[in-house]
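# Breakdown of the fold
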Amino acid sequence: LIDPFHGRADLVRGCLQAVDERTFAEDPLRALRVAQFVGRFAFAASPALLAQCRSMDVSGLPPERVRGEVEKLLLKGRRPSQGWAFAREAGLWQRLLPEWDVPPPAQLDRLAAAPIEGPPRRLALLLACTARVDDLEAVLDRLRLFAWLGYDVRGQALALSSAGRAGPDAQPA
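In this report, we go over the structure that sits alongside the text. Predicted model, so just to flag it, every value in this text is computed and none were measured.

## Section: the overall build of the protein
Helices and strands together make up the secondary structure of the protein, namely eleven helices and two strands. Each helix and strand of the protein, placed in order from N terminus to C terminus, yields the pattern α-β-α-α-β-α-α-α-α-α-α-α-α. The buried share of the protein, taken over its 173 residues, is 46%. In the protein, once contacts between residues fewer than 6 apart in sequence are set aside, the share between residues at least 24 apart is 68%. When the accessible surface of the protein is summed, it comes to about 8,800 Å², and 53% of that surface belongs to carbon and sulfur atoms.

If you want it as structure tokens, here you go:
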């Protein structure tokens, strides 16, 4: 195994680092990918990577690309709360989704592990726990998130949020 960047040692330590800071900065979506990977694999980002993500201009990211990384963070994450916390610490939520610039919801990891059938239903439930209904509506607007595979993710998330039903036993319709 040839490992010039010591990636294997980083994997063992559970640490994410940029291989090349110059090329990493070329794609601002990478900052959100770091947050997604932090939550998905329960890894930590190196201080240098955190600083780099803080300095990246993410303002021009298309909503659809942001939504894709948010969906992966929520749906594929072992510990989505860690990815959420990283995004907050890196200032990503403040710059992209200011309504989410709060500590990760306490029940996020429990709900992510709950046996909910189908990614659209799971996404609606996870989104419902992330914010008050007014703030959630603004987040959904920014992400341009309405339906997925014919399922009304937006309507279900808002209904669950307004009913305060985004607890561990909540089930979207």
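## Some details on the nonpolar core
Counting 51 residues, the largest nonpolar core has Trp-93, Trp-100 and Leu-127 as the members making the most contacts within it. Those residues in contact with Trp-93 that sit more than four places away from it in its chain are Leu-32, Val-70, Leu-73, Trp-84, Ala-87, Arg-88, Pro-98, Trp-100 and Asp-101.

## Focus on the packing of aromatic side chains
If you walk through the whole model with that rule in mind, you get five aromatic pairs. Each ring, one from Trp-84 and one from Trp-100, has its centre 4.6 Å from the other, and the planes form 40°; the classification is tilted. Placement of Trp-84 in helix α6 (residues 80-89) and of Trp-100 in the loop between α7 (92-96) and α8 (108-113) is noted, with a sequence separation of 16 residues between them. Given a relative accessible area of 0%, Trp-84 falls into the buried group.

## Regarding the layout of surface pockets
Of the pockets and cavities examined, the largest pocket occupies roughly 200 Å³. Around the largest pocket sit Phe-5, Gly-7, Asp-10, Leu-11, Cys-15, Leu-16, Gln-17, Ala-18, Val-19 and Phe-43, which together line it. Where the lining of the largest pocket is concerned, the elements lending two or more residues are α1 (7-13) and β1 (15-16). With three residues, the single largest contributor to the lining of the largest pocket is α1. Across the lining of the largest pocket, the residue classes break down as seven nonpolar, two polar and one charged.

## Quick word on unusual backbone geometry
Positive phi values are uncommon outside glycine, yet Ala-42 reaches one of about 55°. Locating Ala-42 in the fold gives a position in the loop between α3 (29-41) and β2 (44-45). Within the chain, Leu-149 stands out as a residue other than glycine whose phi angle is a positive 55°. When you line up the elements, Leu-149 lands in the loop between α10 (133-143) and α11 (153-163). Assessed through its relative accessible area of 74%, Leu-149 is described here as exposed.

## Here we look at the side chain of Glu-99
Within the secondary structure, Glu-99 is located in the loop between α7 and α8. According to the relative accessible area criterion, Glu-99 is buried, its value standing at 15%. At 2.9 Å, the side chain of Glu-99 and the side chain of Arg-142 are in polar contact. For Glu-99, the residues in contact, after removing those within four places along its chain, are Asp-135, Ala-138, Val-139 and Arg-142.

Basis of the calculations
Residues numbered from 1 in each chain as written. Predicted model: local features only at pLDDT ≥ 70, side-chain atom pairs only at ≥ 80, totals over all residues. Heavy atoms only, no water. Helix = DSSP H or I, 4+ residues; strand = E, 2+ residues; numbered from the N terminus. Buried < 20%, exposed > 50% of the residue type's maximum accessible area, 1.4 Å probe, protein only. Contact = heavy atoms within 4.5 Å. Areas by Shrake-Rupley, 256 points an atom, 1.4 Å probe, with all protein chains shown as cover. Core = buried A, V, L, I, M, F, W, Y, C linked by side-chain atoms within 4.5 Å. Phe/Tyr/Trp six-rings, centres within 6.5 Å; stacked < 30°, edge-to-face > 60°. 1 Å grid on protein atoms, 1.4 Å probe; cavity = no way out; pocket = protein on both sides within 12 Å on 5 of 7 lines; lining within 4 Å. Points joined across faces, edges and corners; volume = space filled by probe spheres on them. Nonpolar A, V, L, I, M, F, W, Y, C, P; charged D, E, K, R; others polar. Polar contact = N/O pair within 3.5 Å; in protein donor to acceptor, adjacent residues only side chain to side chain.

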